[in-house]
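# Tertiary structure, described
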Amino acid sequence: MSCCNTVEELARGIRLLVLDVDGVMTDGGLYFDETGLRIKRFQVTDGIGIRLAFDAGIEVAVISGMDVECVRRRLETLGVREYHGGFDNKRVILDRMRTRLGVEWQEIAYLGDDWVDLAPMSCVGLPIAVANAAEEVKSIARYVTTHRGGEGAVREVVDLLLACQGKRDGLFQRWLHLGE
């Protein structure tokens with residue numbers, strides 16, 4: 001990765017968007033029902049963003065330190081096939097996935113929020129931090145979202161990728177005329 005590349009130039013070549021869950025797809029809170037079952041709150045616009053990424057030919061993967069059933073179900077609903085839950089060593093998982101999918105490091109964007117995301121973010125072409133990420137994460141990010149984790153940051157990143165790749169307007173038109 002060249003230090004002179006702009007975010008827009010880097011975004012043009014992204015083929016794989018990798019997301020953390022807690023603090024990125026969710027607000028980072030841990031919620032428990034009366035039986036002790038963990039539940040999480042997801043932003044609907046982030047889900048639509050993931051669907052738009054797929055429509056544009058951008059693969060979406062999720063690597064999480066925790067493996068929680070509600071996350072698995074949400075991702076299945078969105079069509080995310082690359083879910084890897086229960087891994088703190090995200091760089092190793094990402095490298096295996098990258099090799100299997102035939103994607104180069106510079107073709108990967110990673111959206112993270114905390115120290116567990118530092119190692120994979122340091123390898124990818126476009127490291128991105130959510131607005132409320134740890135300062136150390138923001139310091140290595142090439143882009144910091146205006147939205148906080150769980151509040152539309154994923155959609156913001158997808159919109160950025162689609163705009164930089166010249167795919168946003170075409171997808172908008174397709175959705176605008178859906179059902180006609």
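The structure we're discussing is the one just above.
Figured I'd write up the structure that's included with this text. Just so it is clear, the model here is predicted, and its values are computed rather than measured.

## With respect to the packing of helix 2 (residues 44–55) against helix 8 (residues 168–176)
Close contact between helix 2 and helix 8 brings their axes to 11 Å; oriented N to C, the two are set at 110°. Between helix 2 and helix 8, the crossing angle belongs to the class labelled roughly perpendicular. Pair helix 2 / helix 8 crosses with right-handed handedness. On helix 8, the residues touching R51, L52 and D55 of helix 2 are L171, R174 and W175. Among the residues making up the contact of helix 2 with helix 8, the classes are represented as three nonpolar, no polar and three charged.

## Focus on the nonpolar core
Among the nonpolar cores identified, the biggest contains 54 residues, and L19, M25, L94 and L126 are the most heavily contacted of them. Here this core takes eight residues from helix 7 (residues 153–164), the largest share from any one element.

## Quick look at empty space enclosed by the protein
To find leftover empty space, one rolls a probe the size of a water molecule over the atoms. Counted by the stated rule, this structure contains one cavity of 30 Å³ or more. The space that makes up the largest cavity amounts to roughly 30 Å³. Lining the largest cavity are M25, F42, Q43, D46, G47, R74 and L78. Where the lining of the largest cavity is concerned, the elements lending two or more residues are helix 2 and helix 3 (69–78).

## A short note on the pattern of salt bridges
A side chain with one charge may pair with a side chain of the opposite charge, provided their charged atoms come close. Following the criterion strictly, the structure yields 12 salt bridges and no others. R72 is the salt-bridge partner of D67, the closest N and O atoms lying 2.8 Å from each other. The exposure class assigned to D67 is partly exposed, which follows from its relative accessible area of 38%. The partly exposed category is assigned to R72, whose relative accessible area is 29%. The shortest N-O distance in the salt bridge between E135 and K138 comes to 3.6 Å.

## With respect to the pairing of strand 4 (residues 59–64)
The side chains of a regular strand alternate, residue by residue, between the two faces of the sheet. With six of six residues buried, strand 4 lies mostly within the body of the structure. A two-sided burial pattern is seen for strand 4, the buried positions comprising E59, A61 and I63 on one face and V60, V62 and S64 on the other. Bridge analysis of strand 1 (residues 16–19) against strand 4 gives four bridges, and the strand direction is parallel. Directly across from V18, in strand 4, lies its bridge partner A61.

## Some remarks on helix 4 (residues 90–101)
Counting along an α-helix, one turn takes 3.6 residues, and residues three or four places apart therefore face a common direction. Helix length check: helix 4, at 12 residues, gives a terminal C-alpha distance of 16 Å against a target of 16 Å (1.5 Å per residue), a fit within 8%. For helix 4, every residue scored as buried is listed here: K90, I93, L94, M97 and R98. Viewed along the axis of helix 4, the buried residues span an arc of 130°, placing them on a single side of the element. Exposed positions of helix 4 whose direction lies more than 90 degrees from the buried face are R96, T99 and R100. Taken together, the buried residues of helix 4 touch strand 1, strand 4, strand 5 (82–85), strand 6 (108–112) and helix 5 (118–121). Just downstream of helix 4 lies G102, where phi reads positive at about 70°.

## Description of the side chain of E107
Tracing the sequence through the fold places E107 in the loop between helix 4 and strand 6. Reaching out from E107, the side chain makes a polar contact with the backbone nitrogen of E104 at a distance of 2.8 Å. Setting aside residues no more than four positions away along its own chain, E107 makes contact with G13, I14, R15, L16 and G102.

Parameters at a glance
Residues numbered from 1 in each chain as written. Predicted model: local features only at pLDDT ≥ 70, side-chain atom pairs only at ≥ 80, totals over all residues. Heavy atoms only, no water. Axes fitted to C-alpha atoms, helices over the stretch in contact; angles between N-to-C directions. Helix = DSSP H or I, 4+ residues; strand = E, 2+ residues; numbered from the N terminus. Parallel < 35°, antiparallel > 145°, perpendicular 65-115°, else oblique. Left-handed = near helix turned anticlockwise from the far one by under 90°. Contact = heavy atoms within 4.5 Å. Nonpolar A, V, L, I, M, F, W, Y, C, P; charged D, E, K, R; others polar. Core = buried A, V, L, I, M, F, W, Y, C linked by side-chain atoms within 4.5 Å. Buried < 20%, exposed > 50% of the residue type's maximum accessible area, 1.4 Å probe, protein only. 1 Å grid on protein atoms, 1.4 Å probe; cavity = no way out; pocket = protein on both sides within 12 Å on 5 of 7 lines; lining within 4 Å. Points joined across faces, edges and corners; volume = space filled by probe spheres on them. Salt bridge = Lys/Arg side-chain N within 4 Å of Asp/Glu carboxyl O. Pairing = 2+ DSSP bridges. Expected span 1.5 Å × (residues − 1). Arc of directions from axis to C-beta. Polar contact = N/O pair within 3.5 Å; in protein donor to acceptor, adjacent residues only side chain to side chain.

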